Amino acid sequence: MSWFEVVQNQVQNTSNWIKFTNDTLNSESVRNFQKTLFKTSNASTFSTSQIGILIGIFIAILVNLKTNKQFQKCFSNNDGVNLAKICAVYLFILPIFSIILGICLIYRNIVNIVLKVRHGERFKGILDANDAVWTVESETWTSIINILVLMEDKTPANANSSEDKSGIIVDMIRNKFQNVASCKNESYQKIFYHLNRELGYSYWTKGNTRIEDYVRCTDIPTASEFLTSEDLRRWFGMISNTEISHGDHSCLWEILVCRKPFRENGLIRYPIICRVHHSLGDGVALLRFFLEGIADQLTTTPLNGSSETLPEHYPSKEARIKVKENLLYLRNTAQNTFKWTKMIISILFYLVEHISTPADLNSLHGPSLSGRKTSFWIHETEESYLLPCLRKLKRKIPDARFSDLILTSLSSSLYKYFAKSENIPKNIKIIVPARVEALQKEMRLENKFSVALQRLPIVPPLGKASNVKDITSKVSKIKEETDKVRSKSDYAINFAIMTIFGYILPYPVLSGILDSKLATMVFSNLPGPTEEAHLGNFKITNLSFSVPHRDTTGIGITLLTYAGKMHFAISADTAVVPTVEQGQEILQEMENEIRHYVEISEDEYRKT
C-alpha cells in the first residue's frame, strides 16, 4: 500500500475526518455546487444556467426566511429580537449583496477576456476559488509553506566526513523534476506556472523558468565544517517568511540544498528546504507531490496520467441509463440548490457571529506581526516508540481521537508557559485545518481543505501519581470542544466562503474579508508516509512542516507523522515568541507530557 493510500485511509478514518453532523450541509453538496456553478475558473462568460442558479438561490433565500427553522431558532430568542425586523434586514441586505456579487462576477469575466487577449497562449486562467484565497498576503506574513527535510548519507565510510555532496543531491532532484516537466499532465504542469496579479485578480501564466533555477545549492554562513542545530534553526527562521527568490518572485516553489552537512550522533545529514506557495495546493497534496518528486520509491502514480474516451454511439440500454443519470443529476442539483440556500443564510449568521466574537487576549496573541520568525522542531528518535504507544493509549479512552491526545498535551504545555508570565487564560482559540475531500489515487495539486475555530481549554499538566483515569478526564475536556466544532457546520461554511468569495471577489475586497484576528495559533495534524523515503544513497530521516499564519495569529504548530514517528514543529513571529528558547519550551513540554501519558499507560499495563 502506497503512502498516499495510507493517508487516504487516515483522512477517512473517524479520528482524522471531519464528520459534518448537520443534516442540511455536507461536503458533497459543496462540491456539487462548486462543480455546477464554477465549472472552470477561466471561462470567458458565465452561462445562462449558472446565472439562473445564482438568481434562483437568492430568490429561494428570501422565500425561505419565513419557514427556515434554523433562522427562527437563531433569532427567536429571549433577547427581544423581533423576527420581522430581522427579516426586513435580510430583505434589504440580500438584494444589495446579490447586486455586489453580480457586478463583481461581470467584472471578473471582463478581466478574464482582457487577460486572455493580452497574454495569449501563455494565459492559464484566473485562479480557482480555493487557490485564490492564498494570494492574500502582506509584508509581514506570506502564504509560503516551508518543509525542512534531512537527508542522511547511507555510506558508512562518510559517517564523519564533511565532503560536499550537495551537488549530487541537487542533480538527482533536478532529474526527477525534469521528468515531471516533460509530462503532459496539466496538474503537474501547474507547478511551473507563474503567479501574477492584475486588474484585481490573481492568474496563472506559463513560465519559462529552468529546473536549475528551482532546485539549487545554498550556503549557510558558519565557520565550522558542520552545521549546528542553532545554525539550521536560524537559517530556517530567516528564510521562512521571505519571497521565493527566483523568477521575479512570481514562481511558486524552490528547493534549497545546503552545501554543508549537519552532524548529529555521528550521522551525516544534508538539510533541504522545500518552499512552496500555498496557492499550488494544500499541505497533504504538496507533501505528497514533493516527496514523490524527490524520492525513489514513492512514485506509484504514472506521471503522464490517463484519459478515457466515450464510444461514438451508445446502445439503447446505455442511452436509457444516461437519461436516468441526467434526471438524477437534475434532482440532485435542485436538492443542492436548496441546501445552498440554507448555506448562504448560515454564512450570514456565521459572519455576524465571527464579527461579534472577541479576540484572544494573552501574551501569545495581540501584537502586530513583525515578519521575522523563530523556528524549532522535535523529531522523535528511533528508540522512543511514542507514536504506537500513544495510539494504544487512545484505544483505552472512550471515543478519543489521536488529535485529542495531542491537543491535551499542547494545552498542558501552554499552561506552564502562561504560568511564568501572566494570569493563565481559561482557554484560547486555535485554528484547525481539515481536508474536506479524501486523497485521490491520481496525483492532483489542489486546495481541498477548510478551517474551523476551536476553543482549547488550558488545563494543568498531570502529576506524578496520575493514572489513566486522570488522562481520560483531561482528554474529555478537550474532546468536548472538538465535538462541538465537528457537530456544527463551520468547516462547510468556511469552505463555502472560500469557494464563493474566492471565485467572485477581486483581491482588494477579498483581502478585507479573509482575516485571522481571533485565534492565538494554528494547529495542524498532518499524516505522512509510513515508511522512510530514499534517494540514491540517501534516505529522508526527518521532516518538519511549517504552516503559514497571518494577521495577528502569529504561531503555527504542526504534527507530522512520518515513518512511524512524530515530528513536531513550531513557527512563530518574534512579536509573540521573541526567542527560539521559548518556542523550544512549548514543544519540549508537549513531548514531555506525551511521554508522561505513555509511561502511565505502560505502568498500568504491566500491573495488570
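Refer to the structure above for everything that follows.
J.: Describe in detail the overall build of the protein chain, supporting the description with residues and values.
T.: What the protein chain contains, in helices and strands, is 18 helices and 16 strands. Counting every atom, the protein chain has about 27,400 Å² of accessible surface; 54% of that belongs to carbon and sulfur.

J.: Quick rundown of the packing of aromatic side chains? Include the residues and the values.
T.: Counted by the stated rule, this structure contains 12 aromatic pairs. Relative to tyrosine 203, the ring of phenylalanine 123 lies with its centre 5.9 Å away and its plane at 50°, an arrangement referred to as tilted. With a gap of 80 residues between them, phenylalanine 123 in strand S1 (residues 123–126) and tyrosine 203 in strand S4 (residues 201–206) connect regions that are remote in the sequence. A centroid spacing of 6.1 Å and a plane angle of 50° characterise the contact between phenylalanine 177 and phenylalanine 289, whose relative ring orientation is tilted. Taken together, the positions of phenylalanine 177 in helix H7 (residues 166–182) and phenylalanine 289 in helix H11 (residues 283–294) put the pair 112 residues apart, joining distant regions of the chain. Relative accessible area serves as the criterion here: at 3%, phenylalanine 289 is assigned to the buried category. Taken together, the ring pairs in this structure connect Phe177, Phe192, Tyr214, Trp253 and Phe289 into an aromatic cluster. Across the ring face of tryptophan 377, the terminal group of arginine 233 is positioned such that the distance to the ring centre comes to 5.8 Å. Against the face of phenylalanine 402 rests arginine 391, its NZ or CZ located 5.7 Å from the ring centre.

J.: Can you lay out the nonpolar core for me, pointing to particular residues and giving the numbers?
T.: With 60 residues, the main nonpolar core has Ile173, Phe177, Trp253 and Ile255 as its most contacted residues. Here this core gets 8 residues from one element, more than from any other, and that element is H11. Here isoleucine 173 is in contact with Val215, Ile255, Val257, Ile272, Ile294 and Leu535, once residues within four sequence places are set aside. In terms of nonpolar packing, the next biggest core, distinct from the first, is built from 50 residues, Phe418, Ile428, Met521 and Met566 among them.

J.: Hey, could you go over unusual backbone geometry for me, with residue numbers and the actual values?
T.: Positive phi outside glycine occurs at aspartate 399, with the angle close to 60°. Along the chain, aspartate 399 turns up in the loop between helix H13 (386–394) and helix H14 (402–419). Accessibility expressed as a relative area gives 66% for aspartate 399, which makes it exposed. Even without glycine at this site, alanine 563 takes up a positive phi of about 55°. Inspection of the secondary structure puts alanine 563 in the loop between strand S15 (555–562) and strand S16 (565–573). For alanine 563, a relative accessible area of 16% translates into the label buried.

J.: Outline the pairing of strand S12 (residues 521–527), supporting the account with residue identities and numerical values.
T.: Across the 7 residues of S12, 6 count as buried, placing the element largely inside the fold. With 2 bridges connecting them, strand S10 (residues 427–435) and S12 associate as parallel partners. The residue bridging isoleucine 431 from the neighbouring strand is valine 522, located in S12. With 7 bridges connecting them, S12 and S15 associate as parallel partners. Looking at the pairing, phenylalanine 523 lines up with isoleucine 557 of S15.

J.: Now, about the packing of H14 against helix H15 (residues 468–487): what can you tell me, with residues and values included?
T.: With their axes 9 Å apart at the nearest point, H14 and H15 run at an angle of 110° to one another. The angle between H14 and H15 places the two elements in the roughly perpendicular class. As H14 runs across H15, the sense of the crossing is right-handed. For the pair formed by H14 and H15, the contact residues are Ser403, Asp404, Leu405, Leu407, Thr408, Ser411 and Ser412 on the first element and Ile471, Lys474, Val475, Ile478, Lys479, Thr482 and Arg486 on the second. Considered class by class, the residues forming the contact of H14 with H15 number 5 nonpolar, 5 polar and 4 charged.

J.: Give a description of the pattern of salt bridges that names residues and reports values.
T.: Scanning all chains against the criterion turns up 23 salt bridges. Taking the shortest distance from any N to any O, the salt bridge between arginine 269 and glutamate 152 comes out at 3.4 Å. Of the two residues, arginine 269 is situated in strand S8 (residues 267–277) and glutamate 152 in strand S2 (residues 144–153); the sequence distance between them amounts to 117 residues. In this structure arginine 269 comes out as buried when scored by relative accessible area, which is 11%. Using a relative accessible area of 9% as the deciding quantity, one classes glutamate 152 as buried. Here arginine 550 and aspartate 551 are joined by a salt bridge, their closest N and O atoms 3.2 Å apart. Neither residue differs from the other here; arginine 550 and aspartate 551 are each classed as buried. Through salt bridges with shared partners, one network takes in Arg401, Asp404, Lys479 and Asp483.

J.: If you had to explain the sheet that holds strand S9 (residues 373–379) to someone new, which residues and values would you point to?
T.: If you trace the 6 strands from one edge of the open sheet to the other, you get S9-S16-S15-S12-S10-S11, paired in mixed fashion. The sheet is open, and its two borders are formed by S9 and strand S11 (449–457), each paired with just one other strand. Taken over all neighbouring pairs, the strand axes of this sheet differ in orientation by 20° on average, direction set aside. Packed on one face of the sheet, helix H16 (residues 490–504) meets S10 and S11 and runs near 140° to S11.

J.: Can you tell me about the side chain of arginine 269, naming the residues and giving the values?
T.: Side chain to side chain, arginine 269 and glutamate 152 meet in a polar contact 3.4 Å long. When sequence neighbours within four positions are dropped, the list of residues in contact with arginine 269 reads Leu150, Met151, Glu152, Pro261, Phe262, Glu264, Thr541 and Asn542.

J.: A description of the packing of H13 against H14 should follow, citing residues and the corresponding values.
T.: Helix packing for two helices is described by the angle between their axes and how far apart those axes are. Contact geometry for H13 and H14: axes closest at 9 Å, N-to-C directions at 105°. What the angle tells us is that H13 and H14 run roughly perpendicular. Where H13 approaches H14, its residues Leu387, Leu390, Arg391, Leu393 and Lys394 are matched on the opposing element by Phe402, Leu405 and Ile406. By residue class, the composition of the contact of H13 with H14 is 6 nonpolar, no polar and 2 charged.

J.: Residues and numbers for the state of the cysteines, please.
T.: Taken as a whole and assessed by the stated rule, the structure comprises 0 disulfides. Free of any disulfide, cysteine 217 has its nearest neighbouring cysteine sulfur in cysteine 258, separated by 8.8 Å.

The rules behind each value
Residues numbered from 1 in each chain as written. Predicted model: local features only at pLDDT ≥ 70, side-chain atom pairs only at ≥ 80, totals over all residues. Heavy atoms only, no water. Helix = DSSP H or I, 4+ residues; strand = E, 2+ residues; numbered from the N terminus. Areas by Shrake-Rupley, 256 points an atom, 1.4 Å probe, with all protein chains shown as cover. Phe/Tyr/Trp six-rings, centres within 6.5 Å; stacked < 30°, edge-to-face > 60°. Buried < 20%, exposed > 50% of the residue type's maximum accessible area, 1.4 Å probe, protein only. Lys NZ or Arg CZ within 6 Å of the ring centre and 35° of its normal. Core = buried A, V, L, I, M, F, W, Y, C linked by side-chain atoms within 4.5 Å. Contact = heavy atoms within 4.5 Å. Pairing = 2+ DSSP bridges. Axes fitted to C-alpha atoms, helices over the stretch in contact; angles between N-to-C directions. Parallel < 35°, antiparallel > 145°, perpendicular 65-115°, else oblique. Left-handed = near helix turned anticlockwise from the far one by under 90°. Nonpolar A, V, L, I, M, F, W, Y, C, P; charged D, E, K, R; others polar. Salt bridge = Lys/Arg side-chain N within 4 Å of Asp/Glu carboxyl O. Polar contact = N/O pair within 3.5 Å; in protein donor to acceptor, adjacent residues only side chain to side chain. Disulfide = S-S within 2.5 Å.

Functional significance is not addressed by these values, which are geometric in nature.
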